Amino acid sequence: DAKTTQPNSMESNEEEPVHLPCNHSTISGTDYIHWYRQLPSQGPEYVIHGLTSNVNNRMASLAIAEDRKSSTLILHRATLRDAAVYYCILRVINSGGSNYKLTFGKGTLLTVNP
Amino acid sequence: GAGVSQSPRYKVAKRGQDVALRCDPISGHVSLFWYQQALGQGPEFLTYFQNEAQLDKSGLPSDRFFAERPEGSVSTLKIQRTQQEDSAVYLCASSPGGNSPLHFGNGTRLTVT
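Residues numbered from 1 in each chain as written. Chains lettered and ligands numbered in written order. Predicted model: local features only at pLDDT ≥ 70, side-chain atom pairs only at ≥ 80, totals over all residues. Heavy atoms only, no water.

Attention shifts here to the overall build of chain A. When you go through chain A residue by residue, the secondary structure sums to zero helices and nine strands. Taking 114 residues into account, the globule formula puts the C-alpha radius of gyration at 13 Å, and chain A, at 14 Å, falls close to it. The dimensions of chain A, computed from C-alpha atoms along their principal axes, are 45 × 30 × 25 Å. Going through the 114 residues of chain A one by one, you find that 41% of them count as buried. Within chain A, residue pairs in contact and separated by at least 24 positions form 57% of the contacts whose partners lie at least 6 positions apart. Split by element, the accessible area of chain A, about 5900 Å² in all, is 47% carbon and sulfur. Distance from the positive charge centre (10 side chains) to the negative charge centre (10 side chains) of chain A: 8 Å. (Helix = DSSP H or I, 4+ residues; strand = E, 2+ residues; numbered from the N terminus. Rg over C-alpha atoms; globule rule 2.2 N^0.38 Å. Buried < 20%, exposed > 50% of the residue type's maximum accessible area, 1.4 Å probe, protein only. Contact = heavy atoms within 4.5 Å. Areas by Shrake-Rupley, 256 points an atom, 1.4 Å probe, with all protein chains shown as cover. Lys, Arg positive; Asp, Glu negative; His and termini not counted. Charge placed at Lys NZ, Arg CZ, Asp CG, Glu CD.)

This paragraph deals with the sheet that holds strand S6 (residues 61–64) of chain A. All names here are of chain A. Taking strand neighbours across the sheet as the criterion, the four strands line up as S2-S7-S6-S5 in an open arrangement whose pairing is antiparallel. Because the sheet does not close on itself, it has two edges, and the strands there are strand S2 (18–23) and strand S5 (55–56). With four bridges joining them, S6 and strand S7 (residues 70–75) adopt antiparallel strand pairing. Along S7, the bridge assignment pairs Leu62 with Leu73. (Pairing = 2+ DSSP bridges.)

The structure is reproduced here in structure tokens:
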């Protein structure tokens, strides 16, 4: 599986934007970039995903480099509830197009200061 | 609406006991996944079902681990003769299929003493 590299931890202040980086230099053309986050004592929660173009949803934005070897998850205004571990994952869809697994790394622990 | 439900939320087992962990996926979701998460680590893939078919069990750590989904809905992860290294949070996730996101339950925390 193609691997991702993320900083172990980052810190932010409440109500400021947060940019969470992810490197994936071995990404292949059909790999989707997915982001999940995990709050304490909960299961992971889907945040956003994309293939080539930048994506926006109500939770966050995903900026994908032109060569697709890196991406950045952007939280526009961090709140205390955004404190979590953020995982950047390359999702392999098999040749049949079937739904397939996510391979998690260690993620980035985001701390939000009040 | 109802999300993925897992039970029990906590389970303490003595070494050597068998345990069964239950997952109720979101109704209509074709795909179901089991993950194991050790303390301080990211979730590790165990196995994947598409309806009742177990298409990938490459992540199961030993033959003491067994998963089933006989009617394509509820799934059970069974661990026989539990060992201390089995202590972890076991997460279940379901998905409608394709590139749809996975919906995770809050897991079962298994402690083997």
